[in-house]
Amino acid sequence: MAEAVANVARKVNATVEEGSDTLDLSNCKLISFPDGIFKVLKGVSENIRVVTLADNEMKAISSSFFAYFTQLRELDLQGNVLTKLPNAVEEMKHLISINLANNNFSIFPDKLTEIATLERINLEGNQITGNNDISTHAVCVLYDLI
């Protein structure tokens, strides 16, 4: 556990020190997004355009995550155990791409259709079944629905 925490700290500090527009916390054994990271990234969060949280053990992602990273263009959440997204995801006014592959979604996260800038959604490897209507608006907006 201590090694995983140290790994997250190193990655966050590198993002801050380098002034990077990318925060990569993939393969960090996270079960949720650590609230303490918000404090560390204070002042640089507006510059972050890409967040990768792939291949963790996240069961949920909080509304505060979406409220904090308001300038995100790309979000990679593949390889977690997510079943849904919070309603706050629709507030991502700049999001172009979201990778939700290999999670536990059983229904299409319809709040994604509210994001006018969204071009790519990857839901490959989920068990989406039934009559999940994707609105005509969503189909017109999305260029690559994988």
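In the block above lies the structure referred to throughout.
In short, a report on the structure. (Residues numbered from 1 in each chain as written. Predicted model: local features only at pLDDT ≥ 70, side-chain atom pairs only at ≥ 80, totals over all residues. Heavy atoms only, no water.)

## A short note on the side chain of Asn99
As a reminder of what qualifies: Only DSSP runs of H or I reaching four residues or more are called helices, and only runs of E reaching two or more are called strands; each is numbered from the N terminus. Think of a polar contact as two N or O atoms within 3.5 Å of one another; within protein, one of them needs to be a possible hydrogen donor and the other a possible acceptor, and neighboring residues in sequence only count if both atoms come from side chains. Note on contacts: a residue pair is in contact if any heavy atoms of the two residues lie within 4.5 Å.
Looking at the element boundaries, Asn99 is found in strand E4 (residues 97-99). From its side chain, Asn99 meets the backbone nitrogen of Ala101 in a polar contact 3.0 Å long. Aside from chain neighbours lying at most four places away, what touches Asn99 is Leu75, Asp76, Leu77, Gln78 and Asn122.

## Some thoughts on helix H1 (residues 2-18)
We apply this condition: Between the first and last residue of a helix there are one fewer steps than residues, each counted as 1.5 Å, and that sum is the expected span. Throughout this description, buried means an accessible area under 20% of the type-specific maximum (1.4 Å probe, protein chains only), exposed means over 50%, and partly exposed covers the range between. The directions considered for the arc are those from the helix axis to the C-beta atoms.
Taking 1.5 Å as the rise per residue, H1 with 17 residues should run 24 Å; its terminal C-alpha atoms sit 24 Å apart, in good agreement. Listed in full, the buried residues belonging to H1 are Ala4, Val8, Val12 and Thr15. Along the axis of H1, the buried positions cluster into a sector of 65°, meaning they face one direction only. Away from the buried face of H1 by more than 90 degrees, exposed residues Ala2, Glu3, Arg10, Glu17 and Glu18 are located. Residues of H1 that are buried in the fold lie against strand E1 (22-24) and helix H2 (36-40).

## Examining unusual backbone geometry
One non-glycine residue with positive phi stands out, namely Asp55, at about 55°. Structurally, Asp55 can be placed in the loop between strand E2 (50-52) and helix H3 (63-68). Look at Asp55 and you get partly exposed, because its relative accessible area is 40%.

## Observations regarding the nonpolar core
Convention followed: Among buried residues, those of type Ala, Val, Leu, Ile, Met, Phe, Trp, Tyr and Cys that are joined through side-chain atoms within 4.5 Å constitute a nonpolar core.
Formed by 37 residues in total, the largest nonpolar core has its most connected members in Leu25, Phe33, Leu53, Phe65 and Phe69. A total of three residues in this core trace back to one element, the largest contributor, which is H3. Every residue in contact with Phe33, bar those within four places of it in the chain, is listed here: Leu23, Leu25, Phe38, Leu53, Met58, Phe65 and Phe69.

## A few points about the pattern of salt bridges
Basically, it comes down to this: What counts as a salt bridge is simple: a side-chain nitrogen of Lys or Arg found within 4 Å of a carboxyl oxygen of Asp or Glu.
Per the stated rule, a full pass over the model turns up two salt bridges. The salt bridge partner of Glu119 is Arg120, with a shortest N-O separation of 3.6 Å. On the basis of relative accessible area, Arg120 is assigned to the partly exposed category, the value being 31%.

## A closer look at the environment of Cys28
Considering the arrangement of structural elements, one finds Cys28 in the loop between E1 and H2. By relative accessible area, which is 2% here, Cys28 ends up buried. Once the C-alpha coordinates of Cys28 and Asn7 are considered, the two residues, 21 residues apart in sequence, prove to be 6.9 Å apart. Not counting residues up to four positions away in its chain, the partners in contact with Cys28 are Ala4, Asn7, Val8, Lys11, Asp55 and Asn56.

All quantities given are derived from atomic positions and should not be read as evidence of function.
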